[in-house]
Amino acid sequence: MGVAITLRGLSHTYRTSEGPLTVLGGLDLDVADGGYAAITGPSGAGKTTLLSLLGGLEQPQSGRIEIGGHDLNGLSGDGLAAYRRATVGFVFQHFGLLETLTAAQNIELAGTLNGTSPAARRSRAIELLDAVGLAPRAGHRPSGLSGGERQRVAIARALVNRPRLLLADEPTGNLDDDAAAMVIDLLEKVRADHGCTLVMVTHNRELATRADQRIPLDRVLPVSTPA
Amino acid sequence: MAATSIRRRFGRSVLTVAAVALAATLLTALVTIAGTARTKVLSELSKGGPLSGITVAAAEADPSQVDTDDPRPGPPKDLDDAIRTRITALPDVRTVLPIVAAVVNVVVPEPPANADVLARLPPLPSTVAPTTSAPPEGAVPGAPRPTVPGLRTPDPFPETMVGIDLDRASLLPITILTGRLPVPRSLTEVAVTQGYLTRMGLTKKQAAAVVGTEVQLGAPRVFSDSGQPLRFRSRWLRATIVGVVAQETAPGQFLVSLEQTQVARAWTAGGSDGGGRLEIPTSPYSGLFVIASDLEKVNEVRRDITELGYSTSAPENLVASVQRYLRVVEIVLGAIGAIALVIASLGIANALLAAVRERRREIGVLKAIGARDRDVQRVFLLEAGVLGLVGGIIGTAGGFATALGVSAVVNQYLAAQGLVGVRLGLPVLVLISAVFGSTLLALVAGAIPARRASRMPAREAMEAA
């Protein structure tokens, strides 16, 4: 089961040495529950900012964000942390795996923060590694895995708390074509199996076309409608 | 996570722990040595007895001298059980120990020291005259006398033996130099002082040579029949020397059980005073050793006893003065150790600040998967705590080992000087405080980096990824 996303008049301003820089420009956006959206656009258009706002990594400055009927504008601190823990799964371009932990431990970490018991965490980690085809690599550290394998571990970690919203920041950016295809197939399979909403930032136009909905940020979109 | 982080940056962690450990070593060693030195110095001042000890003489008090450590006693005044009970009942008096002294004639064995033991000890002083004494009473005329070259056997001489409650000897200003104290209530064992050794031409280093030898102690009694010259008879007993002590309980070269002096004193008191020509002691006790509940209360107790009319002495002013100086030394040494620990803590803070900078991505990931600010803070505080705890444990153990080494060297020196060595007890409180303090300081040092990490905006951390 996924979440519906509703953004109204969203914009975000950064303070830079050259003065304030406003991105998103009052973005309005709707993504259906269980939808698949691809955010595209040149560097500096606000793709990562949009993903951060959707993922509750920072508070919105202007505009309204509603995820699954919950208003993110009213959340801060522990509230946002709880939202990230319970609702969101992140997949980063640079995988974001902790080098000192094994693949299984990286996955368990998310469960640790959720207060899951050690046995349940371990079992869930093995289950997810099996789902991404990496059960035999459970004891390997990230440095012992290929790029594609690392990203599959990252996807497994993102799924540990059964998120309703999966956010992927250029998940194939550091992968070769074969590995990239495998990762995208996996993300789409996860979305299909779990019914979660998938929002992905990508520079790859071909990948973007696989999404149900494309959100180009290089121009103002008053209201985005499903493709 | 904290543990894996420490492992990942092992070299830096080792250096940080080493800094804390060295600081804790310094602190523990200095505080332990200062504490032991303090105990030793104060023990020397109190001659092995409690610091709050007060000696009450069987003499009248001079009220003007109550603030003097060692006042001149007035004319004799009997100390009996009634006054002992009254002193015991005074406020702030912990206990009262009786002292009974008796004059005896002493006959020293021939030779006065064990030749075999003496042969194993340092040589006799070259200034000591060779044995010249006359044969002892009862010796077979013409028989060879067992002599030890350089050792002096004196003629019979009068001396005082001091009787104490040997069950509570540890409360009195007595230090055992060698051997042991007589068994409580024994009438056949005696300990001697350094004065006895000197009389035999021995030094403190040769004290062990007199242990096991026997002396004859005779309590004198005067018989006076009208018109007849005074006659003296002694009640003799043979006693084995079981130890050599330094004692400040009362003047006298023989330390015995209370019962032994009471018997001797009763024998002497039962005789004549020779028409007033001899001084027969009338006081049941020749002194009392009073222990106040606290050093601070010594002056008050002395005043109370003075009001009862008895002269007292106590090293309260000297002890207070020395304590002040020792306190200053302790503060200075403790401060040096504490400064070292603070510097080590700054090292922890620096290492953790560097770790926060290096781990922006990791912190971001943690936050992205749902870590709260306090979860991130806890990771860094835990890391700081582990570094402080490990450093503290290693350093405290090292510090105590250092103190043990120093005390061994000091004891070697003291033994060479014929002095009692220092005994380094296990300063549990110091050790626990050092470990706890190191950990606490590390946590304080880690607070700022931990706070910085926890406050790191999740978005910035993600951008670093």
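This text goes with the structure placed above it.
What you see is a predicted model, and the numbers here were worked out from it, not measured in a lab.

Participant: What is the right way to look at the interface of chain A and chain B in this model?
Facilitator: For an interface, size is often stated in terms of accessible area lost upon the parts coming together. Across the boundary between the two partners, chain A contributes 23 residues, which contact 18 residues of chain B. Between chain A and chain B, a total of about 2,000 Å² is buried, with carbon and sulfur atoms accounting for 67% of that surface. Of all residues in chain A, the largest losses of buried area upon contact with chain B belong to Leu57, Thr100 and Leu113 of chain A, amounting jointly to 26% of the total for that side. Seen at the junction of chain A and chain B, the total is 1 salt bridge. A salt bridge links aspartate 78 of chain A to arginine 374 of chain B; the shortest N-O distance between them is 2.8 Å. Put simply, chain A and chain B have 3 residue pairs in polar contact (both at pLDDT 80 or more) between them.

Participant: Just to check I follow, could you spell out the environment of alanine 246 of chain B for this structure?
Facilitator: All names here are of chain B. Along the chain, the position of alanine 246 falls in strand β7 (residues 231-247). Using a relative accessible area of 32% as the deciding quantity, one classes alanine 246 as partly exposed. Along the primary structure alanine 246 and isoleucine 176 are separated by 70 residues, whereas in three dimensions their C-alpha atoms are 6.4 Å apart. What alanine 246 contacts, discounting residues up to four positions off in sequence, is Pro173, Ile174, Thr175 and Leu177.

Participant: Would you take a moment to explain the packing of helix α5 (residues 147-158) of chain A against helix α6 (residues 177-194) of chain A for this structure?
Facilitator: Packed helix pairs are specified by the crossing angle of their axes together with the interaxial distance, meaning the distance between the axes. Residue and element names in this part refer to chain A. Look at α5 against α6: their axes get within 9 Å of each other, and the N-to-C directions meet at 15°. What the angle tells us is that α5 and α6 run roughly parallel. As for the relative orientation of α5 and α6, their crossing is right-handed in sense. Note on element contacts: α6 touches α5 through Ala179, Met182, Val183, Leu186, Leu187 and Val190, opposite Gly148, Gln151, Arg152 and Ile155. Here the contact of α5 with α6 is composed, by residue class, of 7 nonpolar, 2 polar and 1 charged.

Participant: I tried to follow the sheet that holds strand β1 (residues 5-16) of chain A on my own but got confused; where do I start?
Facilitator: For sheets, the rule is that strands pair by backbone hydrogen bonds, running either parallel or antiparallel. Residues and elements named next belong to chain A. Strand order in the open sheet made by the 4 strands is β2-β1-β4-β5, with antiparallel pairing throughout. Because the sheet does not close on itself, it has two edges, and the strands there are β2 (19-31) and β5 (70-71). Sheet topology note: the β1/β2 ladder contains 9 bridges and is antiparallel. Each bridged residue has a counterpart across the sheet, and for threonine 6 the counterpart in β2 is aspartate 30. Helix α1 (residues 47-54) contacts β1, β2 and β4 (62-67) of the sheet and is inclined by roughly 120° relative to β1.

Participant: Please explain the packing of helix α3 (residues 103-113) of chain A against helix α4 (residues 118-131) of chain A as it appears in this structure.
Facilitator: All names here are of chain A. Packing of α3 against α4 brings their axes to within 9 Å, and their N-to-C directions diverge by 130°. As summarised for this structure, α3 and α4 are arranged oblique, according to the angle between their axes. With respect to the hand of their crossing, α3 and α4 are arranged in right-handed fashion. Within the contact between the two elements, α3 uses Ala103, Ala104, Ile107, Glu108, Gly111 and Thr112 and α4 uses Pro118, Arg121, Arg122, Ala125, Leu128 and Leu129. For the contact of α3 with α4, the per-class residue count stands at 7 nonpolar, 2 polar and 3 charged.

Participant: It is not clear to me how the packing of aromatic side chains should be interpreted in this structure. Could you clarify?
Facilitator: Note on aromatic pairs: each is described by the distance of the centres and the angle between the planes. All names here are of chain B. Under the definition given, this model contains 2 aromatic pairs over all chains. Ring centres of tyrosine 196 and phenylalanine 254 lie 5.5 Å apart, and the angle between their planes is 70°; on these two criteria the pair is classed as edge-to-face. With tyrosine 196 in helix α5 (residues 194-200) and phenylalanine 254 in strand β8 (residues 254-257), this residue pair connects regions lying 58 residues apart in the sequence. A relative accessible area of 0% places tyrosine 196 in the buried class. In this structure phenylalanine 254 comes out as buried when scored by relative accessible area, which is 0%. In this structure, lysine 77 is placed above the aromatic ring of tyrosine 310, and the distance from its NZ or CZ to the ring centre is 4.7 Å. We note arginine 221 situated over the ring of tryptophan 267; from NZ or CZ to the ring centre the distance is 4.4 Å.

Participant: Just to check I follow, could you spell out the sheet that holds strand β3 (residues 36-40) of chain A for this structure?
Facilitator: Residues and elements named next belong to chain A. Strand order in the open sheet formed by 5 strands is β6-β7-β8-β3-β9, with parallel pairing between adjacent strands. Edge positions in the open sheet fall to β6 (88-91) and β9 (213-216), since each of these has one partner strand only. Strand-to-strand twist in this sheet, taken as the mean axis angle between neighbours without regard to direction, amounts to 15°. Inspection of the sheet shows strand β7 (residues 165-169) paired to strand β8 (residues 197-201) by 5 bridges, in the parallel sense. In the sheet register, aspartate 169 faces β8, and the bridge partner there is valine 201. The sheet strands contacting α1 are β3, β6, β7 and β8, and the helix crosses β7 at an angle near 155°.

Participant: In this structure, what is going on with the pairing of strand β10 (residues 310-313) of chain B? I would like to understand it.
Facilitator: Successive residues of a regular strand alternate their side chains across the two faces of the sheet. Residues and elements named next belong to chain B. Residues Tyr310 and Thr312 line one face of β10 and the alternating positions Ser311 and Ser313 line the opposite face, and both faces are buried. One ladder, built from 3 bridges, connects strand β1 (residues 53-60) with β10; its direction is antiparallel. Across the sheet, the residue bridging to threonine 55 is serine 313, located in β10.

Participant: How should I be thinking about the pattern of salt bridges in this particular structure?
Facilitator: Between side chains of opposite charge, pairing is possible as soon as their charged atoms come close. Residues and elements named next belong to chain A. Taken as a whole, this structure holds 20 salt bridges over all chains when the rule is applied. Taking the shortest distance from any N to any O, the salt bridge between arginine 64 and glutamate 66 comes out at 2.6 Å. Looking at arginine 64, the relative accessible area reads 36%, which means it is partly exposed. Judged by its relative accessible area of 25%, glutamate 66 falls in the partly exposed class. In this structure, glutamate 127 and arginine 124 form a salt bridge, with 2.9 Å as the shortest nitrogen-oxygen distance.

Thresholds, definitions, all that
- Residues numbered from 1 in each chain as written.
- Chains lettered and ligands numbered in written order.
- Predicted model: local features only at pLDDT ≥ 70, side-chain atom pairs only at ≥ 80, totals over all residues.
- Heavy atoms only, no water.
- Contact = heavy atoms within 4.5 Å.
- Buried area = accessible area lost by both parts, 1.4 Å probe.
- Salt bridge = Lys/Arg side-chain N within 4 Å of Asp/Glu carboxyl O.
- Polar contact = N/O pair within 3.5 Å; in protein donor to acceptor, adjacent residues only side chain to side chain.
- Helix = DSSP H or I, 4+ residues; strand = E, 2+ residues; numbered from the N terminus.
- Buried < 20%, exposed > 50% of the residue type's maximum accessible area, 1.4 Å probe, protein only.
- Axes fitted to C-alpha atoms, helices over the stretch in contact; angles between N-to-C directions.
- Parallel < 35°, antiparallel > 145°, perpendicular 65-115°, else oblique.
- Left-handed = near helix turned anticlockwise from the far one by under 90°.
- Nonpolar A, V, L, I, M, F, W, Y, C, P; charged D, E, K, R; others polar.
- Pairing = 2+ DSSP bridges.
- Phe/Tyr/Trp six-rings, centres within 6.5 Å; stacked < 30°, edge-to-face > 60°.
- Lys NZ or Arg CZ within 6 Å of the ring centre and 35° of its normal.

Just geometry here; none of it tells us what the structure is for.
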